[in-house]
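Below, each chain spelled out in residue letters.
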Amino acid sequence: MKYLVIGVGGTGGAIAAYLTKAGIDTTLIARGDNLSALKKNGITLSLDGSKYTNAVKAFDMNGFESAVKFDAALSPDVIFVCVKGYSITGAIPFIKSVSKPETVVIPILNIYGTGRRLQKELPGLTVTDGCIYVSSSLVSPGKIHMYGSIFRIVYGLPSHKKDDPRLIKIESDLKRANITPVFSDNVEKDTLQKFSYVSPMAGCGLYFGANAAEMQKPGAERELFSELISEIETLAAAMGIKYEKSLVEINLNILDSLSPDASTSMQRDISAGKQSEIDGLIYEVVRLGDKYNLSLPAYRKIAEKFRSDGLK
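Residues numbered from 1 in each chain as written. Predicted model: local features only at pLDDT ≥ 70, side-chain atom pairs only at ≥ 80, totals over all residues. Heavy atoms only, no water.

**Quick word on the packing of helix α9 (residues 220-238) against helix α10 (residues 247-257)**
Then, in step 1: Between α9 and α10, whose axes approach to 9 Å, the crossing angle comes to 135°. One finds that α9 runs oblique with respect to α10. By crossing handedness, the relation of α9 to α10 is classed as right-handed. For the pair formed by α9 and α10, the contact residues are Arg222, Phe225, Ser226, Ile229, Ser230 and Glu233 on the first element and Leu247, Val248, Asn251, Leu252, Leu255 and Asp256 on the second.
Then, in step 2: Classifying every residue of the contact of α9 with α10 by side-chain character gives six nonpolar, three polar and three charged. (Axes fitted to C-alpha atoms, helices over the stretch in contact; angles between N-to-C directions. Helix = DSSP H or I, 4+ residues; strand = E, 2+ residues; numbered from the N terminus. Parallel < 35°, antiparallel > 145°, perpendicular 65-115°, else oblique. Left-handed = near helix turned anticlockwise from the far one by under 90°. Contact = heavy atoms within 4.5 Å. Nonpolar A, V, L, I, M, F, W, Y, C, P; charged D, E, K, R; others polar.)

**Considering the packing of helix α7 (residues 187-208) against helix α12 (residues 278-291)**
Then, in step 1: Where α7 contacts α12, the axes come no closer than 10 Å and their chain directions differ by 95°. Compared by their axis directions, α7 and α12 come out roughly perpendicular. In this structure, α7 contributes Phe195, Val198, Ser199, Ala202, Gly203 and Leu206 to the contact, and α12 contributes Ile278, Gly280, Leu281, Ile282 and Val285.
Then, in step 2: Per-class residue counts for the contact of α7 with α12 are eight nonpolar, three polar and no charged.

**Remarks on the environment of valine 8**
Then, in step 1: Tracing the sequence through the fold places valine 8 in the loop between β1 (3-6) and α1 (10-21).
Then, in step 2: Judged by its relative accessible area of 5%, valine 8 falls in the buried class.
Then, in step 3: Sequence-wise, valine 8 and glutamate 214 are 206 residues apart; in three dimensions their C-alpha atoms are separated by 28 Å.
Then, in step 4: In this structure valine 8 touches Gly13, Leu28, Ile29, Ala30, Asn34, Leu38, Ile43, Leu138 and Ile144, once residues within four positions along its chain are discounted. (Buried < 20%, exposed > 50% of the residue type's maximum accessible area, 1.4 Å probe, protein only.)

**Concerning the sheet that holds strand β12 (residues 152-156)**
Then, in step 1: Ordered in space as β9-β12-β13, the three strands form an open sheet in which the pairing is mixed. Whereas interior strands pair on both sides, the edge strands pair on one side only; in this sheet they are β9 (129-133) and β13 (180-183). Sheet twist, expressed as the average angle between the axes of neighbouring strands with direction ignored, equals 15°.
Then, in step 2: For β12 and β13, the ladder comprises four bridges, and the chain directions are parallel. (Pairing = 2+ DSSP bridges.)

**Considerations on the side chain of glutamate 65**
Then, in step 1: Within the element layout of this structure, glutamate 65 appears in helix α3 (residues 61-70).
Then, in step 2: A polar side-chain atom of glutamate 65 sits 2.7 Å from a polar atom in the side chain of serine 97.
Then, in step 3: Not counting chain neighbours up to four residues away, the residues in contact with glutamate 65 comprise Phe94, Ser97 and Val98. (Polar contact = N/O pair within 3.5 Å; in protein donor to acceptor, adjacent residues only side chain to side chain.)

**Considering the pattern of salt bridges**
Then, in step 1: This model, assessed by the stated rule, comprises twelve salt bridges.
Then, in step 2: Here arginine 222 ties to aspartate 256 by a salt bridge, and the two come within 2.9 Å at their closest N and O atoms. A residue pair is termed long-range when its members are at least 10 positions apart, and arginine 222 in helix α9 and aspartate 256 in helix α10 qualify at 34 residues.
Then, in step 3: The class for aspartate 256 is partly exposed, based on a relative accessible area of 37%.
Then, in step 4: Taken together, the salt bridges that share partners define one network made up of Asp279, Glu284 and Arg287. (Salt bridge = Lys/Arg side-chain N within 4 Å of Asp/Glu carboxyl O.)

**Quick word on the sheet that holds strand β8 (residues 126-127)**
Then, in step 1: Read from one edge to the other, the open sheet built from six strands follows the order β5-β2-β1-β6-β7-β8, with strand pairing classed as parallel. In this open sheet, the two strands that pair with only one neighbour each are β5 (57-59) and β8.
Then, in step 2: Strand direction decides the pairing type here: strand β7 (residues 104-107) and β8, joined by two bridges, are parallel. Pairing of valine 105 across the sheet is with valine 127, part of β8.
Then, in step 3: Against the sheet, α1 touches β1, β2 (26-29) and β6 (78-81), its axis set at about 155° to β1.

**Some points on α12**
Then, in step 1: The end-to-end C-alpha distance of α12 is 19 Å, a good match for the 20 Å that 14 residues give at a rise of 1.5 Å each.
Then, in step 2: When α12 is considered as a whole, its buried residues turn out to be Ile278, Gly280, Leu281, Ile282, Tyr283, Val285, Val286, Leu288 and Gly289.
Then, in step 3: Buried residues along α12 sit against α7, α9, α11 (265-271) and α13 (297-308).
Then, in step 4: Once α12 finishes, asparagine 293 follows within two positions and takes phi at roughly 55°, a positive value. (Expected span 1.5 Å × (residues − 1).)

Shown next as structure tokens:
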């Protein structure tokens, strides 16, 4: 199958690097200096002192649209959407333009529920829900660094069916690329579990100005991280989602496996003065708390501080 990765930052770049290294037909959609570097030098990924570079096929959106119009065989079978939550609306016309009826769209975003919102805009395509477990960042144009070896992609349908041959083939391709696939039969539960990690990590990191190192040792940072996870568990229960194991325990284990200098993209974006996903990662939890009449004091505390700091 032909894969298309929209957005070659830390997440999309890691996916693209692993797929291309495995020889899987993959095209990248990027822009600016990142696109120029990908075309000239390929994509470079570093992890634990090792580094490799692969040549890639890279376009901007307009360039790939033109290529597909000229040769319909270039239309992708699978699209990984790896843009930030605030950019998803702008990607929809492009996805419509380059897709064929059989194309599967897998949104890999930090924001919970993106797949269902995207499906409403793409009624002719199959859109899964999805999430990813990886700590990585774009350190310079065309260069991705991973902070730890965890690399897992979760995807699935709201019908909870697992008999779609396209989704089964994706599972096989991800294994071939040394990415751990989770073809979920309860994707709402699984993606909320991922959200229960990335949202508290981002919120706690931003609140204290902390990297993983500060949260990996006893102290106020680790306590807040745990409190935020517990509140996601409370929210899950109100939504009718039950977890057999403690999300606090699961997520602390993930945190402790990270490189001490790991941080979240939300922290890095805000630090750089860029637009961030704070609305979907933090403020949306408070809105859901209001919807389900939940107090969620830790989330309300950090949200109040972020709003007082003028973060939107």
